[in-house]
Amino acid sequence: MVKDRLQKYLLIDRKRLSDKKYLLPWLALFIFMLVYSIINSNHIGMDSDFNVFWTAGQNFSSGADLYSRIGGAERYIYPPFAAMLFQLFALFPLKVAASIYTFINFLLFIFSIGLTREVLRYFITDSRKRTIALVFGALCSFRFFWYHTQFVQMNELMLVLCLMAILASFKGKEWLTAVLIIFAVFIKILPVFLIPWLVLRGNYKLIFKLAVCTIVCLALPLLWRGWHAGLTDLHNYYATFLEPFQNGRVEPEFHNQSLAAGIYKICLPNSTDPGYSYQLLSLNVAEAAMVYKIFFLLLSGLLGGFLLWERFSLKRNTLRGLALVFICMHLLSGITWEYHLVSLLFVYAVFVLYYWKKKNLIQKIFFYLLVVIIPLLSLVGKDTVGMTMYHYLEGYGIITWTMVLLFFFMLFTKESEEVGTVPIEKYLLSCPILPI
């Protein structure tokens, strides 16, 4: 059963495994992934993000402070639980570990496509339309996956864990759902945005299971490192990462695509990217912060209201509800680098499914505008548009504002006959689609 599911999620057709014409492309892909993983690891050095993970694993096992940059790595901004897991990386030399995880990221890319397909199956029966949506999503988000693989990041793992948690929720497997999403949150806090969606679909039993998993993920590093060191780790994680953003910290680097960064870049003089100016409005810091707070409250309020409407009025799950969660996951986060945006695979796939929706004039304008912008964004890079254009497109937040457009399009475009809904209370038994 597990083997069958792995093959399905990796997009492998079991019926064609004896066909050489089918196996040869897979073999060529495997060789490419292996060779590229080895080559890519040669570029991983002390200033790389992967060195942060690797060094955190070393520091965790040696008893060193996780958040003081001991070992020469850049700042560590992940929970202590993640550092406990990163000890696996530290079992190998840095470049060997980077090579292994680069290869794993390739597999996770395929896995994320397979899992997205399985989520879509709950909502749409037409396999041709599902395939079109998946191809559009995979091609238009590939740029982010490629950056992610080059820089050996963790966000594909987060996407896979989130999609697996969604599928487990649909099947009514509450313990598995809780383990997957809490595990993801304690590696990287970003998936916390999915917890309200899960809680509104569960009951007190699911909340209890989420709480138990949270306690376990807090306790394990404490038990491993000792009570004093463990509490110090938690305090330092809060003080060095969570608290500054809670108090209004914004990092307006040109390639930060969060909503806060997008607003600050066009409202304030550029202080992080010498030689470029992205300012369109003349505001002071307090005024820019107020604009962001208004946008933050608007988007989070609309998302919360939509999820409540789904739960208590519609009493069904919608694909656009999930897409809204993933969009807000990036817009409302303090840091959204390009390689964080791998979950746009799911968002883009959901978006293109509304091609078959009968739209009014405003919806048509929004839809076709996004249909043009999204593929163009997939081509943007230093090597394709040049360094100057790349800086300005990123600096003006073209990706940020595209996600804002996507948010409002998803929010106000209702489901069509082609894109169905899934009952909340009895997922599998009430779902007309074939079970996964």
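Trainee: How should I be thinking about the packing of aromatic side chains in this particular structure?
Mentor: Where two aromatic rings form a pair, the distance of their centres and the angle of their planes describe that pair. Scanning all chains against the criterion turns up 47 aromatic pairs. Their ring planes at 65° and their centres at 6.0 Å tell us that phenylalanine 32 and phenylalanine 106 sit as a pair that is edge-to-face. Here phenylalanine 106 lies in helix H6 (residues 94–121) and phenylalanine 32 lies in helix H2 (residues 20–41), a separation of 74 residues in the sequence. Owing to a relative accessible area of 42%, phenylalanine 32 belongs among the partly exposed residues under this scheme. Relative accessible area serves as the criterion here: at 9%, phenylalanine 106 is assigned to the buried category.

Trainee: So what exactly am I meant to see when it comes to the packing of H6 against helix H8 (residues 155–170) here?
Mentor: Geometry of a packed helix pair, given as the angle between the helix axes and the separation of the axes. Closest axis-to-axis distance for the H6/H8 pair is 9 Å, and the angle between their directions is 30°. One way to sum up the angle between H6 and H8 is to call them roughly parallel. In the crossing of H6 with H8, the sense of the turn from one axis to the other is left-handed. Contact residues: H6 offers Tyr101, Asn105, Phe106, Leu108, Phe109, Phe111, Ser112, Leu115, Thr116, Glu118 and Val119, while H8 offers Glu156, Leu157, Leu159, Val160, Leu163, Met164, Ile166, Leu167 and Phe170. Looking at the contact of H6 with H8 residue by residue, the classes come out as 15 nonpolar, 3 polar and 2 charged.

Trainee: Looking at this structure, I do not really get the side chain of arginine 201. What am I missing?
Mentor: Looking at the element boundaries, arginine 201 is found in helix H10 (residues 195–201). At 2.3 Å, the side chain of arginine 201 and the side chain of glutamate 310 are in polar contact.

Conventions used here
- Residues numbered from 1 in each chain as written.
- Predicted model: local features only at pLDDT ≥ 70, side-chain atom pairs only at ≥ 80, totals over all residues.
- Heavy atoms only, no water.
- Phe/Tyr/Trp six-rings, centres within 6.5 Å; stacked < 30°, edge-to-face > 60°.
- Helix = DSSP H or I, 4+ residues; strand = E, 2+ residues; numbered from the N terminus.
- Buried < 20%, exposed > 50% of the residue type's maximum accessible area, 1.4 Å probe, protein only.
- Axes fitted to C-alpha atoms, helices over the stretch in contact; angles between N-to-C directions.
- Parallel < 35°, antiparallel > 145°, perpendicular 65-115°, else oblique.
- Left-handed = near helix turned anticlockwise from the far one by under 90°.
- Contact = heavy atoms within 4.5 Å.
- Nonpolar A, V, L, I, M, F, W, Y, C, P; charged D, E, K, R; others polar.
- Polar contact = N/O pair within 3.5 Å; in protein donor to acceptor, adjacent residues only side chain to side chain.

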